[in-house]
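Each chain, letter by letter, is given below.
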Amino acid sequence: MAYRARAASSVLILLAICVAWEVAVRLLNIPQFVLPAPSAIASTIARYRDYLLSNLLDTMFASALGLAMAATFSLALSVVLAYSDSIREAVYPILSGFNAIPRAALVPLLALWFGLGMVPRVLTAFLIAFFPVLVPTLTAMVTIEKELWEMLVAFGASKSQVLVKVAIPRATPYFLSSLHMGLTSAIVGSVIAEMVASDRGLGYVILSSTSRLDTPLAFSCLLLLALITFALSKVLSLTERRVARWAYRASI
Amino acid sequence: METLLKLRDVEVRYGDGNGGLVAISGINLDIKRGEVVGIVGKSGSGKTTLLKVIAGLVKPTRGEVVYNGAQNGGGFRGIGMLFQTPLLLPWRTVLRNILLPIELRGEDVDRYVARALELMERMGLKGFENSYPWELSGGMQQRVALCRALIHRPSLLLLDEPFSSLDAITREDMWVLLQEAISYENYTTVLVTHDIREAVLLSDRVVVMSGRPGRIKVEVTIPFRRPRDLGLQYSREFNDYVAKIRELLGD
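Quick caveat, the model's predicted, so the values are computed rather than measured. Throughout this document, residue positions are counted from 1 along each chain, in the order its sequence is written. As a convention, the first chain written is A and the first ligand written is 1, with the rest following in written order. Reporting in this predicted model follows two pLDDT cut-offs: at least 70 for local features of residues, and 80 or more for side-chain atom pairs to be given and counted; totals over whole chains, interfaces and linings ignore these cut-offs and use all residues.

A.B. asks: Which parts of the structure should I look at to understand the overall build of chain B?
C.D. replies: Only DSSP runs of H or I covering at least 4 residues are called helices, and only runs of E covering at least 2 are called strands; the numbering of each starts at the N terminus. Looking only at helices and strands, chain B has eight helices and nine strands in total. What the globule rule says is 2.2 Å times the number of residues to the power 0.38, and the radius of gyration is computed from C-alpha atoms. By the compact-globule yardstick of 18 Å for 251 residues, chain B fits well, its C-alpha radius of gyration being 18 Å. With the C-alpha coordinates of chain B rotated into their principal frame, the extents come out at 50 × 45 × 35 Å. The burial criterion counts other C-beta atoms lying within 10 Å of a residue's C-beta, which is placed from the backbone; the residue is buried at 20 or more, exposed at 12 or fewer, and partly exposed between these limits. Looking at the 251 residues of chain B, the share that counts as buried comes to 39%. We call two residues in contact when their backbone-placed C-beta atoms lie within 7 Å. Across chain B, the fraction of contacts at a sequence separation of at least 24, relative to all contacts at a separation of at least 6, is 75%.

This is how it looks when you write it as C-alpha cells:
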C-alpha cells in the first residue's frame, strides 16, 4: 500500500511538471524549435511511431550487446584478477589508465577501423560500460574478511575453492547492481557512437532532427531513451532480488 | 594418553629486522589426545597467535610444531575452528553452511547430511536446516558454526573466543552444548579465551600467558571430572581456581 501511494505521488508530480511545462510554453509563446510542449512531443511520437520504434530497437540492440559483452568480460576478468594477486597488481593500473581515456573520443577511431555499421556502436557501449561493472565486482571478490579467509584455510580450502565457493557468490549482488551503472553507460555509449558515426539509432535521429530544428523529434527520442532505461533498470532490480535475495535481508 | 601436538621453543615474529614485533616466544606445549586445553591471557599476550600456529595459519619463525595425528590412529581429519563471530555464508542455507568443510575436502556431501542433521538436533537446531543464517538469532548462528566445526569429526577443535559476543545466559547454554559435543565424540580441544571462568569450567588444563612477548607463565591443571555441571561455578574449589588464575595473570 505504501508502495502504491509512493508510485501514485511520483506520477502526480510528473503530471504536475508536464502541466506546468505545457502552460509555460503556451503562455510565454516559446517557439517549438526551442522548447516543444509535452503535447507536441506526444503527437510527434504518435506520428513517427514506426520510425522511432525501429531506431529505438536499433539503439537497444547495440546497447544490450555492448552491456552483455561488458558484463561477461568484467566477470571473467574479475575472476582472473581475484585469483592472482600478481596479475592483478600488474594489470589493474593499466586498466585504470585506460579508464582515464574519454571513451567518446575513441568513436572516430572505431568508425575509421570498423566503418559506420553496428560494430563501433557496440564497441563504444562495451568500452564505456566495462569499467563500472568491473570495479565493484572485483572489489567484492578481493575483500573477503580476514577471519573468514583464515577459517576457510583452516578447513583446507584451496585458492580456487575460496574463489568459487565464497568470492564469486559474495560478488554476485555487487555484480548485478553494477549492471545498473553498466546499463546507463552502455546506452550513453551507443547513443554517442550513433551521433558520431552512424546513420541509424536514436543518437542519429537526435543529431539529424536538431540540425533540422525538429526539436519535438529530438525530445521524443530523449523521452523514449529515458523510459526504456528506466524500465530495464526495474527489470534488473527484480532480477537482483531474485538471484541474490540474501543480500537484501534487511528489507525482507 | 598419547601426545597429539607438541610445540617446541616456538617463536613468532611479525615483520622483520629490529622493527619486528615478537608475538610469542619460547612456547613449549604438549596437547594430549582427548584433552581440553584452555589458554588465557590479556589482550596482546599472543594467545590468538598461538592458536594460529596450532592451526597452521601462521608459520613459527623459530621452533617446531609436531603433529602426530597422521601416524597414530584415525588418520588426519583436519581442524575444526570456531571464531568469535559465526562467519556463516549468508547465501547458503544452514545445512549447506554446516556441510561446507565436507565440500572443501572434496568428499561426498550427501553422506554427511544425516550427521549434519544429527548435530543440528543435538544443538537444538532441528527444523532450521533450510533457513538462512540471517534468519537466526546470534546464539543460534554460533551453534550452526559449532556444527560446521564438528561436521568432519576434526582431530583438533580450535576455539578462538567463541562465546565472547554472546549474552551471559546464551554463553552458559553454549558451554553445556560444547561440553556435550566434546565428551560425546572425545575431541581434542584448544580454547582461547579471556574469560577465566569459561576456561576453568571447560578445560582439563589452563595455560596462563603473559604478554609482550607472549610466553607461557604457568599451567594449571583443573581436576574436576568432565562434563561439568554449570552449578560447579558456585563451588568454593572452582572459585579458588578462578582466583588463582586471576592472580597469576597479574595486573
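A.B. asks: Would you mind showing me how to read the confidence of the model for chain A here?
C.D. replies: The predicted model of chain A has a mean per-residue pLDDT of 92, with 98% of residues at 70 or higher. One confidence number per residue, pLDDT, is output by the predictor and ranges from 0 to 100. Of all the helices and strands in chain A, helix α7 (residues 146–154) of chain A carries the lowest mean pLDDT, 88, while helix α3 (residues 49–83) of chain A carries the highest, 95.

A.B. asks: I'm lost on the sheet that holds strand β2 (residues 21–32) of chain B in this one. Help?
C.D. replies: Note: strands within a sheet are paired through backbone hydrogen bonds, in either parallel or antiparallel orientation. All names here are of chain B. The strand order across the open sheet built from three strands is β2-β1-β4, with neighbouring strands paired in antiparallel fashion. The sheet terminates laterally at β2 and β4 (62–67), the two strands that pair on one side only. Going from strand to strand, the sheet's axes swing by 15 degrees on average, the running direction of each strand aside. Of the strand pairs in this sheet, strand β1 (residues 3–14) and β2 are connected by eight bridges, and their pairing is antiparallel. Bridging from a neighbouring strand, Leu7 pairs with Leu29 of β2. Two strands form a pair only when DSSP identifies at least two bridges running between them. Lines fitted to C-alpha atoms define the axes, with helix axes restricted to the stretch in contact, and inter-axis angles between N-to-C directions lie between 0 and 180 degrees.

A.B. asks: Mind showing me how you'd approach the domain arrangement of chain A here?
C.D. replies: Annotation comment: domain bounds sourced from an automatic or database domain assignment. Partitioning chain A into structural domains gives domain 1 (1–30) and domain 2 (40–251). Between domain 1 of chain A and domain 2 of chain A, the C-alpha centre-to-centre distance is 31 Å.

A.B. asks: Sorry, what's going on with the sheet that holds strand β9 (residues 215–221) of chain B here?
C.D. replies: Residue and element names in this part refer to chain B. Strand order in the open sheet formed by six strands is β5-β6-β7-β3-β8-β9, with mixed pairing between adjacent strands. Of all strands in the sheet, those bounded by a partner on one side alone are β5 (79–82) and β9. Neighbour to neighbour, the strand axes of the sheet diverge by 20 degrees on average, direction disregarded. As defined by bridge partners, strand β3 (residues 36–40) adjoins strand β8 (residues 205–210) across four bridges and the pair is classed as parallel. For Val40, the partnering residue across the bridge sits in β8 and is Val208. Along the sheet, helix α5 (residues 138–150) contacts β5 and β6 (156–160); its crossing angle with β5, the most-contacted strand, is approximately 170 degrees.

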